[in-house]
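# Architecture at a glance
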Amino acid sequence: MRNPLPRVAAIHDICGYGRCSLTVVIPILSTMGFEVCPLPTAVLSTHTLFPNFTILDLTNELPKIINHWKELNISFDAIYSGFLGSARQAGMVRDFLRDFSHPETVVVVDPVMADHGKLYPTMPPEMVGEMKRLSAAAKVITPNLTEAAFMLGRETPASITEAETKDWLKALTDLGPEMAVITSAPVVTRPGKSTVVAYDRVDKRFWLTERIHVPTSYHGTGDIFASVLTGSLLQGDSLPVAMDRSAQFVATVIRTTFGYREEELGHHEVLLERAMGTLTAPVKNTAYELMS
């Protein structure tokens, strides 16, 4: 029997405080009209930018949850993975994709492991190879520039040309996924802009979208971007429309937050809830470009 709502398996950690991972994935995809089934990889007191955070690795629990889902014969229209609690989990997620996906399943892997030129504190070096292998099983991957650099064995550049982004994107799809999106590409010829680039190796087209850069940084915006991208693709949007909608929503969330004084916020997190209503708006005023 067909699901009344399209169903998404969300394989991420959950943070008690700090808007990221499942605390943004679930409300975003629910607002977009999907049933979200969380498969938690770890439980953290806060995200990893806070000092003295605690983490509970759920590696040993994942097989129990997955086996129960198999017993229930649960099916999914999309599978979306992000932060993993251990390198061992990557193999478990690969097996999950094999067992629960079919040709029409939207499979998105966000290889969450690094930013600003270095791995996150919970990530062992072997996570890089594991994320590469996991990405090979995806339809779409959404690394930031640092994660793309680690996956390709390159240095993280301070800036990058459009020609270089095309080389990076093609190299990422050579790892196996059908589409690659780099969510933070400081393109030399586009100063003052936050740029997202993408490539579809099936039709061999490169895409770019940009927004005016806001001089700040908020944790969790990568999770927000990939969540909207997953929902948009599941709604039937094309790759450029999906990435443009995602970039627009992230920009809206950042601008909603940026106008407040730091002491008013009490923490350096986005005010996601203030912008959620825009996710139900029809597609309009798309700003993507075809890269020549």
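Here we summarise the structure given alongside this text. (Residues numbered from 1 in each chain as written. Predicted model: local features only at pLDDT ≥ 70, side-chain atom pairs only at ≥ 80, totals over all residues. Heavy atoms only, no water.)

### Section: the packing of aromatic side chains
For the coordinates displayed, the defined rule picks out eight aromatic pairs. One aromatic cluster in this structure is built from Trp69, Phe76, Phe96 and Phe100. Sitting above the plane of the Phe206 ring, Lys166 keeps its charged end 5.1 Å from the centroid. (Phe/Tyr/Trp six-rings, centres within 6.5 Å; stacked < 30°, edge-to-face > 60°. Lys NZ or Arg CZ within 6 Å of the ring centre and 35° of its normal.)

### Thoughts on helix α2 (residues 62-71)
Turning to α2, its buried residues are Leu62, Ile66 and Trp69. For α2, the buried positions fall inside an angular range of 60 degrees around the axis, keeping them on one side. Set apart from the buried face of α2 by more than 90 degrees, the exposed residues are Lys64 and Glu71. Those residues of α2 that are buried are in contact with β2 (35-46) and α3 (88-100). Immediately beyond the C-terminal end of α2, within one or two residues, lies Asn73, with a positive phi of roughly 55 degrees. (Buried < 20%, exposed > 50% of the residue type's maximum accessible area, 1.4 Å probe, protein only. Helix = DSSP H or I, 4+ residues; strand = E, 2+ residues; numbered from the N terminus. Arc of directions from axis to C-beta. Contact = heavy atoms within 4.5 Å.)

### Here's the deal with the nonpolar core
With 53 residues, the main nonpolar core has Phe76, Ile79, Phe96, Met113, Trp168, Leu172 and Ile182 as its most contacted residues. No other element matches the six residues that α3 contributes to this core. Beyond its immediate chain neighbours, meaning those up to four positions away, Trp168 contacts Leu145, Ala148, Ala149, Leu152, Arg154, Glu155, Pro157, Ile160 and Ile182. In this structure, Val8, Tyr218, Ala242 and Val270 belong to the second largest nonpolar core, which totals 42 residues. (Core = buried A, V, L, I, M, F, W, Y, C linked by side-chain atoms within 4.5 Å.)

### Considering the layout of surface pockets
Considering only enclosed or pocket space, the second largest pocket measures out at about 310 Å³ in volume. Lining the second largest pocket are 15 residues; nearest its centre among them are Arg245, Gln248, Thr278, Pro282 and Lys284. Partitioned by chemical class, the residues of the lining of the second largest pocket number six nonpolar, five polar and four charged. (1 Å grid on protein atoms, 1.4 Å probe; cavity = no way out; pocket = protein on both sides within 12 Å on 5 of 7 lines; lining within 4 Å. Points joined across faces, edges and corners; volume = space filled by probe spheres on them. Nonpolar A, V, L, I, M, F, W, Y, C, P; charged D, E, K, R; others polar.)

### Examining the sheet that holds strand β5 (residues 106-109)
Strand order in the open sheet formed by 10 strands is β3-β2-β1-β4-β5-β8-β9-β10-β11-β12, and the pairing between neighbours is mixed. The open sheet has two edge strands with one neighbour each: β3 (55-57) and β12 (289-291). Here strand β9 (residues 179-182) runs beside strand β10 (residues 193-200); their pairing, made up of four bridges, is antiparallel. Directly across from Val181, in β10, lies its bridge partner Ala198. Each of β8 (140-141), β9, β10, β11 (205-212) and β12 touches helix α6 (residues 162-174); the most contacted strand, β9, lies at about 135 degrees to it. (Pairing = 2+ DSSP bridges. Axes fitted to C-alpha atoms, helices over the stretch in contact; angles between N-to-C directions.)

### Section: the environment of Ser45
Here Ser45 shows up in strand β2. A relative accessible area of 30% means that Ser45 is categorised as partly exposed. Between the alpha carbons of Ser45 and Cys15 there is a distance of 5.6 Å; along the sequence they are 30 residues apart. If we skip the residues at most four places from it in the chain, Ser45 touches Cys15, Gly16, Tyr17, Phe53 and Thr54.

### Description of the environment of Glu178
Position of Glu178 among the secondary structure elements: in the loop between α6 and β9. C-alpha of Glu178 to C-alpha of Gly18: the two residues are 160 residues apart in sequence and 32 Å apart in space. In this view, Glu178 contacts Ala138, Lys139, Thr173, Tyr199, Asp200, Arg201 and Val202; residues no more than four positions away in its chain are not counted.

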